[in-house]
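Here is what each chain is made of, one letter per residue.
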Amino acid sequence: MASLPSLAISGTPHKLDADVRKLSPASVPLEKRLSYQRSPPTADGGREASVQPLDAREALALLREGTGVESAFYVPLLQQCIETRSLPDAQVIHAHIIKTGTHEEAFISTSLVDVYMKCGAPHHARKLFDTLPQRNVVTWTALITGYVRNSEPENAILIFVRLVESGCYPTNYTLGAVLSACCALYSIELGRQVHGYMVKYGIESETSMGNSLCSLYSKCGSLESSVKAFRRIPNKNVISWTTIISACGDNGDTELGLTLFADMLSEDVEPNEYTLTSALSLCCMVQDLSLGKQIHSFCIKFGCESQLPVKNSIMYLYLKCGEIDEARSLFDEMDTVSLITWNAMIAGHAQMMNLAKDDMAAHHSGFEAFKVFQKLNRSGMKPDLYSFSSILTVCSGLLAIEQGEQIHAQTIKSGYLSDIVVSSALVNMYNKCGCIDDATKAFVEMSTRTLISWTSMLTGYSQHGRSKEAIQLFEDMRLVGIRPNQITFVGVLSACSHAGMVDEAEYYFNMMKNEYGIKPVMDHYACMVDMFVRQGRLEDAFAFVKKMDFEPNEIIWSILIAGCRSHGNVDLGFHAAERLLELKPKGIETYILLLNMYISAERWQDVSRVRKLMKDENIGSIRDRSWISIKDKVYFFRANDRCHPQSAEMYALLESLLQKATCLGYVPYKSVELSDKEDEENSVGSAAATHHSERLAIAFGLINMTEGTTIRVVKNITMCRDCHNSVKFFSILTKREIIVRDSKRLHRFRDGRCSCGDFGALLL
DNA sequence: CGCTCATAAT
């Protein structure tokens, strides 16, 4: 972006020329002009045309032939140009205007500037403007407004500076347009300066100006300034209220937003459809269905429930609050839908996928999102950046790489890949699907990179065990001047941990605290503890935990216990387990870890103690689920599942693989039986061999997928170390790349190694 | 009065 000038407010004392009419030439009689207005004169309005209105099309045809028309026709002709957005027509008219010398009349040339701008030709407008003998504040304003319209806010600002320098007085129209330019530039500094001009000209208290300021500050991310601007508006109208309420939503202060909505009602300001949709969106954010329903009834009361945006909001409210059937029937009842309707459906299902506790539910939601996306494509409407970013999130969640690739192609074709959110979602999708090279490619090809895209890529490298690249990326990011956040540092520290770079980890940990003033949270400590544990430095790990200024949580203890188990320090493990049990952990995986530890040590009393605690704490039964997607079908597996027709083949394959693996040195770990009751019924009379769900899914993939293709499996809980170890052998024996994404991380098995660093601290 | 400026849903 070109550097922008400062808008010095000092200098010649300006006074707002309140009466713009003085500047307006009246060479064409008012009544003549009126007769060419778009709306036909009404019978009772007394606006009889003094010149017989000539059809604008006919007039334009005459001009094209070179025949002149009366100069009074220029206004409707230009009006017609705006409607058709036809640049050539504008040029024809322009030529005639010059021929007749009419361009010296300021209002005609102002119209021409406006027409060029509305035809998307700012260059033509500017060229004309620069040669004008006469220009007034309206002409200047038309140019500024036009630049904003054509997404050239820098030029709008530069023209405003020239306007001020030329001694012209800006009007409220002018300052409103300049404020829009500041908004487009997200420049709160420029905005404040324009605010200064408004104060100076005494128009700050005008409602529309206050509203604009309120909106500007909100869009620039300062809710505080926005609220201040709002409070200073003496005569707040419904727009003022709507602006501040939606500002609260945009800036994440739902509580204040809802309070202000209540204030508005108690001050007897009647909300309109804009206000109500904003309020509904606040209810969505806090998932408050009962409040949402009240606002729904307001919509009916104020008669705007039939408006599409309102319908969209209400549908989205039900969807976000989990009332899928209600949302669905509202959707089906809609006779007209907009792209936003489709997008709301996709985004709603995508969110449900992410929040679903149950993996079956998650998958179902994701699948619904795909169905909606498909229907959108067939409806004749074109997906936009919102559709693409939502559906790419769904692909990430389901590891649906085939669909993801198709959508990638569609984003290129439609041009939406240039959008920062879409391209970030694409990087994320490839990372989550285990395609680090495609992610890198997508990242490199981005036109601009934000904190989110850098962090996403960095985390991708880190999760794939490519620590050097992750850290290199971090340094590049700092070099470009992007300020890392908390999440970025989680990526950096986990990369260090992965590669055993203890000194670097400590260096970055301190950098985070001292240079960036970011307070370390549990995740950061978890990375550090994980690192010491990986190194077998259990004492250092425990010492680090003692340094924390909060109590270790379930995650920290789990890492310590898993580490003790891996490094055979059973006593320390038992000690840590006692501390963990005092916390009454919530996560089912924590219990499996503890059970596994006690089972390996054959401490059966502790095993039954943990099982009892699980019952007391109402920890549900252990459900082990995996799924694999082949073509457009998804196949689910449970532990020891024998439901599938190919079961016999799958079990035989697993047996033979395990046998071969044993020859290569595979030793099974004893681990907890993961079948739940439902599964046990199904596996009555089954062979002795037990398999967790991911092994079944992998076997299914090996049988049904073309040789050499990558196998991608999603698992709902963390892999156990026995499965992890055996899959490493499978990758050698079958010469396949196998990707398992479990609830904690991504495992990419290749040639007997796993990208997680072959270390079990994050395994059960 | 030729710039028609300010608010919403994904």
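These numbers come from a predicted model, not from an experiment.

A. Local environment of the pattern of salt bridges. Under the definition given, this model contains 23 salt bridges. Among the salt bridges present, the one from Glu204 reaches Arg232, with a minimum N-O distance of 3.0 Å. In this pair, Glu204 is assigned in the loop between helix H10 (188–200) and helix H11 (207–219) and Arg232 in the loop between helix H12 (223–231) and helix H13 (238–250), connecting sequence segments 28 residues apart. Between Arg466 and Asp437 there is a salt bridge; the shortest N-O distance is 3.5 Å. Placement of the pair is Arg466 in the loop between helix H25 (451–463) and helix H26 (467–480) and Asp437 in helix H24 (residues 436–444), with a sequence separation of 29 residues. Taking the relative accessible area as the measure of exposure, Arg466 reaches 25% and is therefore partly exposed. Classification of Asp437 by relative accessible area gives partly exposed; the value is 48%. Here the residues in one salt-bridge network are Glu578, Arg603, Asp606 and Arg609, joined through shared partners.

B. Structural context of a negative patch on the surface. The grouping of Glu323, Asp325, Glu326, Asp332 and Glu333 at the surface amounts to a negative patch. Counting through the fold element by element, Glu323 comes out in the loop between helix H17 (308–320) and helix H18 (324–333). On the basis of relative accessibility, which here comes to 37%, the residue Glu323 falls in the partly exposed class.

C. Summary view of the packing of aromatic side chains. One pass over the structure, following the stated rule, counts 24 aromatic pairs. Its end group placed over the ring of Phe443, Arg449 keeps NZ or CZ at 5.3 Å from the ring centre. Its end group placed over the ring of Phe574, Arg603 keeps NZ or CZ at 3.7 Å from the ring centre.

D. Fine view of the environment of Thr450. The topology assignment puts Thr450 in the loop between H24 and H25. Separated by 32 residues in sequence, Thr450 and Ile482 place their C-alpha atoms 7.5 Å apart.

E. Looking closely at the layout of surface pockets. The calculated volume of the second largest pocket comes to roughly 1100 Å³. Lining the second largest pocket we find 25 residues, and of these Asp250, Ser281, Tyr316, Ile340 and Tyr386 sit closest to its centre. Elements with a contribution of two residues or more to the lining of the second largest pocket: H13, helix H15 (273–286), H17, helix H19 (339–355) and helix H21 (385–398). Examining the composition of the lining of the second largest pocket, we find that eight residues originate from one element, H15, more than from any other. Counted by class, the lining of the second largest pocket contains eleven nonpolar, twelve polar and two charged residues.

F. Representation of the pairing of strand E3 (residues 711–715) in the model. The buried fraction of E3 is high, at five of five residues. Burial along E3 is two-sided: the residues Ile711, Val713 and Lys715 and Arg712 and Val714 are all buried. Inspection of the sheet shows strand E1 (residues 625–630) paired to E3 by three bridges, in the antiparallel sense. Directly across from Ser626, in E3, lies its bridge partner Lys715. Looking at chain direction, E3 and strand E4 (residues 738–741) are connected through four bridges and run parallel. When the bridges of E4 are listed, Arg712 appears paired with Ile739. Traced from E3 through helix H38 (residues 721–733) to E4, the parallel crossover comes out right-handed.

Thresholds applied
Residues numbered from 1 in each chain as written. Chains lettered and ligands numbered in written order. Predicted model: local features only at pLDDT ≥ 70, side-chain atom pairs only at ≥ 80, totals over all residues. Heavy atoms only, no water. Salt bridge = Lys/Arg side-chain N within 4 Å of Asp/Glu carboxyl O. Helix = DSSP H or I, 4+ residues; strand = E, 2+ residues; numbered from the N terminus. Buried < 20%, exposed > 50% of the residue type's maximum accessible area, 1.4 Å probe, protein only. Patch = residues over 30% accessible without salt bridge, like charges linked within 9 Å, V, L, I, M, F, W, Y side chains within 5 Å. Areas by Shrake-Rupley, 256 points an atom, 1.4 Å probe, with all protein chains shown as cover. Lys, Arg positive; Asp, Glu negative; His and termini not counted. Charge placed at Lys NZ, Arg CZ, Asp CG, Glu CD. Phe/Tyr/Trp six-rings, centres within 6.5 Å; stacked < 30°, edge-to-face > 60°. Lys NZ or Arg CZ within 6 Å of the ring centre and 35° of its normal. 1 Å grid on protein atoms, 1.4 Å probe; cavity = no way out; pocket = protein on both sides within 12 Å on 5 of 7 lines; lining within 4 Å. Points joined across faces, edges and corners; volume = space filled by probe spheres on them. Nonpolar A, V, L, I, M, F, W, Y, C, P; charged D, E, K, R; others polar. Pairing = 2+ DSSP bridges. Right-handed = clockwise from strand over helix to strand, strands pointing away.

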